[in-house]
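What follows is the residue order along each chain.
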Amino acid sequence: MKTMIAARYMGPDRIEPAEVLLPEIGDEEALIEVEACGFCGSDINIVAGTHPRAKAPLTLGHELSGRVVQLKSSSAEMAIGDRVTIYPLISCQHCYACTHGNPHVCRDLRLFGFDMDGGMAQFVKLPVSALIKLPDGMSAQIGALIEPLAVAVHGVSRTSLQDVEIVVVLGAGPIGLLTALVARARGVPHVIISDILPARIELAKSFGLRALKAGNALWQMVMELSNQNGADLIFDCAGHPSSAKEMTSLARSRGVIVNLGVYKRPVEIDLQALNFREIEILGSRVYKREDFEAAITLALQLPLERIVTHAYSLRDVTTAFEQFRSGEVCKALILPLREKDGTVRLSW
Ligand SMILES: [Zn+2]
Ligand SMILES: [Zn+2]
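Below: a short report on this structure.

Each value, and the rule that gives it
Residues numbered from 1 in each chain as written. Chains lettered and ligands numbered in written order. Predicted model: local features only at pLDDT ≥ 70, side-chain atom pairs only at ≥ 80, totals over all residues. Heavy atoms only, no water. Pairing = 2+ DSSP bridges. Helix = DSSP H or I, 4+ residues; strand = E, 2+ residues; numbered from the N terminus. Axes fitted to C-alpha atoms, helices over the stretch in contact; angles between N-to-C directions. Salt bridge = Lys/Arg side-chain N within 4 Å of Asp/Glu carboxyl O. Buried < 20%, exposed > 50% of the residue type's maximum accessible area, 1.4 Å probe, protein only. Donors = N, O, S within 2.8 Å, 3.2 Å for Na, K, Ca; no water. Parallel < 35°, antiparallel > 145°, perpendicular 65-115°, else oblique. Contact = heavy atoms within 4.5 Å. Nonpolar A, V, L, I, M, F, W, Y, C, P; charged D, E, K, R; others polar.

Digging into the sheet that holds strand S11 (residues 166-170)
Part 1: Spatially, six strands are ordered S13-S12-S11-S14-S15-S16 in an open sheet, and the strand pairing comes out parallel. A single partner strand is all that each edge strand has here, and the edge strands are strand S13 (210-213) and strand S16 (280-283). Strand-to-strand twist of the sheet, defined as the mean angle between neighbouring strand axes without regard to direction, takes the value 20°.
Part 2: Taken together, the five bridges between strand S14 (residues 231-236) and strand S15 (residues 251-259) define a ladder with parallel strand orientation. Within the sheet, the bridge partner assigned to alanine 231 lies in S15 and is alanine 251.

Examining the pattern of salt bridges
Part 1: In this structure the tally under the stated criterion is 14 salt bridges.
Part 2: The salt bridge involving lysine 125 is made with glutamate 29; its shortest N-O contact spans 3.8 Å. Taken together, the positions of lysine 125 in strand S9 (residues 123-127) and glutamate 29 in strand S3 (residues 29-38) put the pair 96 residues apart, joining distant regions of the chain.
Part 3: Classification of lysine 125 as partly exposed rests on a relative accessible area of 32%.
Part 4: The shortest N-O distance in the salt bridge between glutamate 35 and arginine 67 comes to 3.6 Å. A residue pair is termed long-range when its members are at least 10 positions apart, and glutamate 35 in strand S3 and arginine 67 in strand S5 (residues 63-72) qualify at 32 residues.
Part 5: Salt bridges sharing common partners tie together Asp13, Glu322 and Arg325.

Brief notes about the coordination of the zinc ion (ligand 2)
Part 1: Listed as protein donors to the zinc ion (ligand 2) are Cys92 (SG), Cys95 (SG), Cys98 (SG) and Cys106 (SG); their distances from the metal cover 2.3 to 2.4 Å.
Part 2: A relative accessible area of 22% means that cysteine 92 is categorised as partly exposed.

Brief notes about the coordination of the zinc ion (ligand 1)
Part 1: Protein coordination of the zinc ion (ligand 1) is provided by Cys40 (SG) and His62 (NE2), with donor distances spanning 2.1 to 2.3 Å. Taken as a pair, cysteine 40 in the loop between S3 and helix H1 (41-48) and histidine 62 in the loop between strand S4 (58-59) and S5 lie far apart in primary sequence, 22 residues in all.
Part 2: On the basis of relative accessibility, which here comes to 16%, the residue cysteine 40 falls in the buried class.

What to know about the packing of helix H4 (residues 146-157) against helix H10 (residues 289-299)
Part 1: At a minimum axis separation of 8 Å, H4 and H10 run at an interaxial angle of 110°. With respect to their mutual orientation, H4 and H10 come out roughly perpendicular. Of H10, the residues touching H4 (which contributes Ile146, Glu147, Leu149, Ala150, Val153, His154 and Ser157) are Asp291, Phe292, Ala294, Ala295, Ile296, Leu298 and Ala299.
Part 2: Here the residues of the contact of H4 with H10 sort into 10 nonpolar, two polar and two charged.

Next comes the structure, spelled out in structure tokens:
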């Protein structure tokens, strides 16, 4: 029996490199040799043991890139050697959302890396239908960013950018940074991003974004820039009670707030402000398949390299996760092919 190394969630607060059986593929499935796989904020909930569905033991990972090494498929669309990322959603295809063109908000939505083994491993077995080809020449690291970039593309697509001059992004983690970069690429003249962590503010500045600490200074900047009206559009990528409080105070009359950050519990929102200024709040969950196509196109134009601040080998997954959870790293990638090197240097 052949085995491989996988990053396994073994129970609350336990993520470890573990030896598991190499998956065997069936019809319409492919085996992917994983080149890069990112940690996501939701992985923190899984390892904390607070995710409602994820059960140990489980291989994490839904943000990945790799190469097809085995394939059993009746279609000629995919071939051995193709470089791919994955569309990790599994929808029921029967519920209201699924039958009305929105399978990404399926009432029984499941994902690879949450409900079944994901790709933070040397290899992952996936249905061919979940694979999305990457362009030639796209690095493995950028390939692993397509999924979070699709989250940002979807969030921005939730609202029209017509007449939008000022966008505020709350939270400068990977999703916040990517959302700000997408808004800027879509032509918004003023994109402001905030966080409470100085390192994240500095990182945002390195992309040429206007970045500052959340709170009073942010409010003042937005009001000055908008002639005391407030921002046209706000993306809540922090998902923190303080951002929920702050977001309505930043919005102009008839402004729009899009929530991307996942709240751990219900929070307080100023519905009086919502009423007085006819503010709209929209939810944004994951992505549609077309958001991946848009993300791949955008990834070729955006300076995404600096989003990945750290990379590790699979054997170092426990340390990698600790550092990611502490907030001191922005996007942390596992690079399984560099298995024996210890901590991995980024190639740029
Ligand atoms: Zn994710
Ligand atoms: Zn469904």
